[in-house]
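# Structural overview
One letter stands for each residue in the lines below.
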Amino acid sequence: QAQLVESGGGLMQAGGSLSLSCAASGRTFSNYVMGWFRQAPGKEREFVAAISWSGGSTYYADSVKGRFTIARDNAKNTVYLQMNSLKPEDTAVYYCAAKSGTVYRIHGYDYWGQGTQVTVSS
């Protein structure tokens, strides 16, 4: 059974950095677009970043552009999210997701992880 497991969340002060990982198992996701989403308390889940199967194309939400970087290692079946210059408004549960199709469409993800909490204090 396909499974995505996030790790690396935690508590960080504003201005700091965190790195999230998402390990895929149960199938090969090397042909899939991989994405990161987040959901803050009382808010809807929102798109954060996505990366094409080859890693050659990436797409970011305006709110994280220039601060967050998405990357993947297909040999390890793992996708990463490096988060720099963190802000309190980045506080949320971060989810990893996978789908086929284009990296530029933020909908249509078929596989989801359970999420990892990121808390940024001011």
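Reading the values: rules and limits
Residues numbered from 1 in each chain as written. Predicted model: local features only at pLDDT ≥ 70, side-chain atom pairs only at ≥ 80, totals over all residues. Heavy atoms only, no water. 1 Å grid on protein atoms, 1.4 Å probe; cavity = no way out; pocket = protein on both sides within 12 Å on 5 of 7 lines; lining within 4 Å. Points joined across faces, edges and corners; volume = space filled by probe spheres on them. Nonpolar A, V, L, I, M, F, W, Y, C, P; charged D, E, K, R; others polar. Helix = DSSP H or I, 4+ residues; strand = E, 2+ residues; numbered from the N terminus. Buried < 20%, exposed > 50% of the residue type's maximum accessible area, 1.4 Å probe, protein only. Phe/Tyr/Trp six-rings, centres within 6.5 Å; stacked < 30°, edge-to-face > 60°. Pairing = 2+ DSSP bridges. Disulfide = S-S within 2.5 Å.

Attention now moves to empty space enclosed by the protein. Counted by the stated rule, this structure contains one cavity of 30 Å³ or more. What the largest cavity holds in volume is close to 50 Å³. Around the largest cavity sit Ala24, Phe29, Met34, Arg72, Asn74, Asn77, Thr78 and Val79, which together line it. Class assignment of the residues belonging to the lining of the largest cavity gives a composition of four nonpolar, three polar and one charged.

Let's shift gears to the side chain of Ser30. Structurally, Ser30 is set in the loop between β3 (18-25) and β4 (33-39). Classification of Ser30 by relative accessible area gives buried; the value is 17%.

This paragraph deals with the packing of aromatic side chains. For the structure on display, the rule yields nine aromatic pairs. Between the aromatic rings of Phe37 and Tyr109, the centroid separation amounts to 5.0 Å while the plane-to-plane angle is 80°, which identifies the pairing as edge-to-face. Taken together, the residues Phe37 in strand β4 and Tyr109 in the loop between β9 (92-99) and β10 (111-112) connect sequence positions 72 residues apart. Here Phe37 matches Tyr109 in class, with each residue buried. Taken together, the ring pairs in this structure connect Phe37, Phe47, Tyr59, Tyr104, Tyr109 and Trp112 into an aromatic cluster.

On to the pairing of strand β8 (residues 78-83). As defined by bridge partners, β3 adjoins β8 across six bridges and the pair is classed as antiparallel. In the strand pairing of β8, Leu20 is matched with Leu81. Pairing of strand β7 (residues 68-73) with β8 involves six bridges; the strand directions are antiparallel. Bridging across to β8, Asp73 finds its partner in Thr78.

Simply put, disulfide is the name for a covalent bond between the sulfur atoms of two cysteines. Taken as a whole and assessed by the stated rule, the structure comprises one disulfide. Through a disulfide, Cys22 is tied to Cys96; the S-S separation comes to 2.1 Å. Here the S-S torsion is close to -80°, and the disulfide linking Cys22 with Cys96 is therefore left-handed. With a gap of 74 residues between them, Cys22 in strand β3 and Cys96 in strand β9 connect regions that are remote in the sequence.

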